[in-house]
Amino acid sequence: MPASDTLAEYRRKRNFHATREPSGEGRSESGPGPRFVVQIHDASTMHFDFRLEADGVLKSWSVPKGPSGDPHDKRLAMPTEDHPLDYRNFEGVIAEGEYGAGTVIIWDEGTFRNRSTDKGGREIPFAEALEHGHASFRLNGSKLHGDWALTRFRRGDGGEREAWLLVKSRETEGARQHTPDPRRARSVRSGHTLGQVAALEGEKG
């Protein structure tokens, strides 16, 4: 499906005259490989947005407690609408009254490698793995590293919302990356906290 089609819901929810979020209509820059970004979003409820590049968009999940580097932690991940690739660069304040109003920082970013396989051990395309409900991948970020998996445990039939689990697959080299206090966490881009980004936006405004 063309990225323009999968972004219809994203665009429908936003007024691009009132928000600096990217519309996704421009051409996105290419990179060395598929990319991921984890943004902290201080909206009506604080959460982490976990986004993985697939099929020309960022497949996105809201992770209330954030990703945990402890393989014993199973983190709820609720799927949200696809976002444009340029959204990985968004950090700032979404104005009050707009969809998702609140402050956003880029907590981590990097590339990832697909490690999804079929029962015979053959690699399957990442987008296909997501469609089937289980995708494995290796993150190479500034903060998050190693093997992870997203697994759908509820399809969203019968009026219920679709739901997934985000889990670190196994131990890797180095110390475990535990989930930070979101209000004290710093952007991997600017080094600012949520509060500092909000204050800077207020000074500009």
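For the structure given in this document, a descriptive report is provided here. In this text the structure is predicted, and so the values were computed from the model without any measurement.

Scanning the entire structure with this criterion turns up 14 salt bridges. The salt bridge partner of Glu81 is Lys13, with a shortest N-O separation of 3.2 Å. Taken as a pair, Glu81 in strand 4 (residues 75–83) and Lys13 in the loop between helix 2 (8–12) and strand 1 (35–42) lie far apart in primary sequence, 68 residues in all. A residue is classified by how much of its surface remains accessible, and Glu81, at 6% relative accessible area, is buried. With relative accessibility at 23%, the residue Lys13 sits in the partly exposed group. A salt bridge links Asp42 to Arg183; its shortest N-O distance comes to 3.2 Å. Here the residue Asp42 occupies a position in strand 1, and Arg183 occupies one in the loop between strand 9 (163–168) and helix 4 (194–204), the gap between them amounting to 141 residues. Here Asp42 falls in the partly exposed class, since its relative accessible area comes to 22%. Overall, the relative accessible area of 52% leaves Arg183 in the exposed class. Each member of the salt-bridge network shares a partner with another, and the members are Glu9, Lys13, Arg14, Glu21 and Glu81.

Considering the arrangement of structural elements, one finds Arg20 in the loop between helix 2 and strand 1. Placed 113 residues apart in sequence, Arg20 and Gly133 show a C-alpha to C-alpha distance of 32 Å. Not counting residues up to four positions away in its chain, the partners in contact with Arg20 are Phe90, Glu91, Gly92, Val93 and Glu201. Here the side chain of Arg20 touches Glu201 through a polar contact of 2.9 Å, side chain to side chain.

Here we take up the layout of surface pockets. Of the pockets and cavities examined, the largest pocket occupies roughly 490 Å³. Lys59, Asp82, Ala127, Leu130 and Glu131 are the residues nearest the centre of the largest pocket, which is lined by 19 residues in total. Residue assignment for the lining of the largest pocket shows that the elements contributing at least two residues are helix 1 (3–6), strand 3 (57–63), strand 4 and helix 3 (126–132). Across the lining of the largest pocket, the residue classes tally to 6 nonpolar, 3 polar and 10 charged. One number sums up the size of the second largest pocket: a volume of about 320 Å³. Lining the second largest pocket are 18 residues, and of these His41, His47, Asp49, Thr80 and Tyr99 lie nearest its centre. At the level of secondary structure, the elements contributing two or more residues to the lining of the second largest pocket comprise strand 2 (46–54) and strand 4. Its residues placed into classes, the lining of the second largest pocket shows 5 nonpolar, 8 polar and 5 charged.

The rules behind these values
- Residues numbered from 1 in each chain as written.
- Predicted model: local features only at pLDDT ≥ 70, side-chain atom pairs only at ≥ 80, totals over all residues.
- Heavy atoms only, no water.
- Salt bridge = Lys/Arg side-chain N within 4 Å of Asp/Glu carboxyl O.
- Helix = DSSP H or I, 4+ residues; strand = E, 2+ residues; numbered from the N terminus.
- Buried < 20%, exposed > 50% of the residue type's maximum accessible area, 1.4 Å probe, protein only.
- Contact = heavy atoms within 4.5 Å.
- Polar contact = N/O pair within 3.5 Å; in protein donor to acceptor, adjacent residues only side chain to side chain.
- 1 Å grid on protein atoms, 1.4 Å probe; cavity = no way out; pocket = protein on both sides within 12 Å on 5 of 7 lines; lining within 4 Å.
- Points joined across faces, edges and corners; volume = space filled by probe spheres on them.
- Nonpolar A, V, L, I, M, F, W, Y, C, P; charged D, E, K, R; others polar.

Function cannot be read off these values alone, since they describe shape.
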